[in-house]
Amino acid sequence: MKLYHGSNKEVVKPIYGYGRADCDYGSGFYMSDDYNAASMWASNNPAGGYINTYELDLKSLNVLYLNHNTDKDVLKWVAILCKHRIDENTRLEASEEINLLINRYCPKLDDIDVIVGYRADDSYYIYTREFLLNNLPLELLKRAMELGNLGLQYVLISKKAFNKIKFIDSKIISHNDEYAKLEEKANNEYELLVLNKNIKQKYVRDILRDNS
């Protein structure tokens, strides 16, 4: 399959262990199967950027899919996010919730080569924070992660996966405000979405109680 990486530079050879540890799924190489999503990410750089195109065969790789088909998928995704990216203030405010999610739902990644799941760009990270603070139910978090149609991200996390990826080419993209427009649209849709929340839905406090 073809995958795309939006960046401020051309990346011919992704390097294992080089990525930041505080990204959604920890250190890894993050890509999209959606060319337009990668284009928006690249064009968000003030000086413009690159869309790097790769080919990857998933058949020989162990893939963890977290594409939110079930509540458990979402909780696994949130648990991984809590482990790697949650800010210190949220850790302090929701320490009990975060510890439970990590201990109960965070999957072991030792044998995983690639993770496929939703991304947690700035707005989407805020939605997750609201869930951890009991301000957003699980049902609406699932819907919120689809706002803006950013799609899924494919993350290489093992040496084996890095050895399998093949660079095809790169394309220079000029700076534009498409990403900012998409984020604004997603936030506007989120404001309407939260009007649907009610006490009968499942919040983190309910998950805590059910697992006590």
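Read on for an overview of the structure. Values in this document were obtained by computation on a predicted structure and should not be read as measured data.

What counts and how
- Residues numbered from 1 in each chain as written.
- Predicted model: local features only at pLDDT ≥ 70, side-chain atom pairs only at ≥ 80, totals over all residues.
- Heavy atoms only, no water.
- Helix = DSSP H or I, 4+ residues; strand = E, 2+ residues; numbered from the N terminus.
- Rg over C-alpha atoms; globule rule 2.2 N^0.38 Å.
- Contact = heavy atoms within 4.5 Å.
- Areas by Shrake-Rupley, 256 points an atom, 1.4 Å probe, with all protein chains shown as cover.
- Lys, Arg positive; Asp, Glu negative; His and termini not counted.
- Charge placed at Lys NZ, Arg CZ, Asp CG, Glu CD.
- Expected span 1.5 Å × (residues − 1).
- Buried < 20%, exposed > 50% of the residue type's maximum accessible area, 1.4 Å probe, protein only.
- Arc of directions from axis to C-beta.
- Salt bridge = Lys/Arg side-chain N within 4 Å of Asp/Glu carboxyl O.

Another aspect to go through is the overall build of the chain. Assigned secondary structure in the chain consists of nine helices and seven strands. Its C-alpha atoms give the chain a radius of gyration of 17 Å, near enough to 17 Å, the size a compact globule of 212 residues would have. Counting only C-alpha atoms and orienting by the principal axes, one finds that the chain spans roughly 50 × 40 × 30 Å. If you take every contact in the chain between residues at least 6 apart in sequence, the share linking residues at least 24 apart comes to 84%. As presented, the chain carries roughly 11,100 Å² of accessible surface, and 47% of it is formed by carbon and sulfur atoms. Taking the average place of the 28 positive charges on the side chains of the chain and the average place of its 31 negative ones, the gap between the two points comes to 5 Å.

What follows is about helix H8 (residues 178–193). Helix length check: H8 (16 residues) gives 22 Å between terminal C-alpha atoms against 22 Å at 1.5 Å per residue, within 8%. Looking at H8, one finds that the buried residues are Tyr179, Leu182, Glu183, Ala186, Tyr190 and Leu193. Viewed end-on, H8 has its buried residues packed into an arc of 100 degrees, placing them on one side of the element. Opposite the packed face of H8, turned more than 90 degrees from it, sit the exposed residues Glu184, Glu191 and Leu192.

Turning next to the pattern of salt bridges. The full count for this structure, using the stated rule, is six salt bridges. With a shortest N-O distance of 3.8 Å, Lys181 and Asp177 are connected by a salt bridge. According to the relative accessible area criterion, Lys181 is partly exposed, its value standing at 46%. The residue Glu189 makes a salt bridge to Lys185 at a minimum N-O spacing of 2.5 Å. Residue Glu189 and its partner Lys185 are both found in helix H8; the two are separated by four residues, about one turn of the helix. Residue class for Glu189 comes out partly exposed when judged on its relative accessible area of 26%. The network of salt bridges with common partners includes Asp177, Glu178 and Lys181.

So, on to the side chain of Thr53. Within the secondary structure, Thr53 sits in strand E3 (residues 49–55). Dropping the residues within four chain positions of it, Thr53 is found in contact with Lys2, Leu3, Tyr4, Lys166, Phe167, Ile168 and Asp169.

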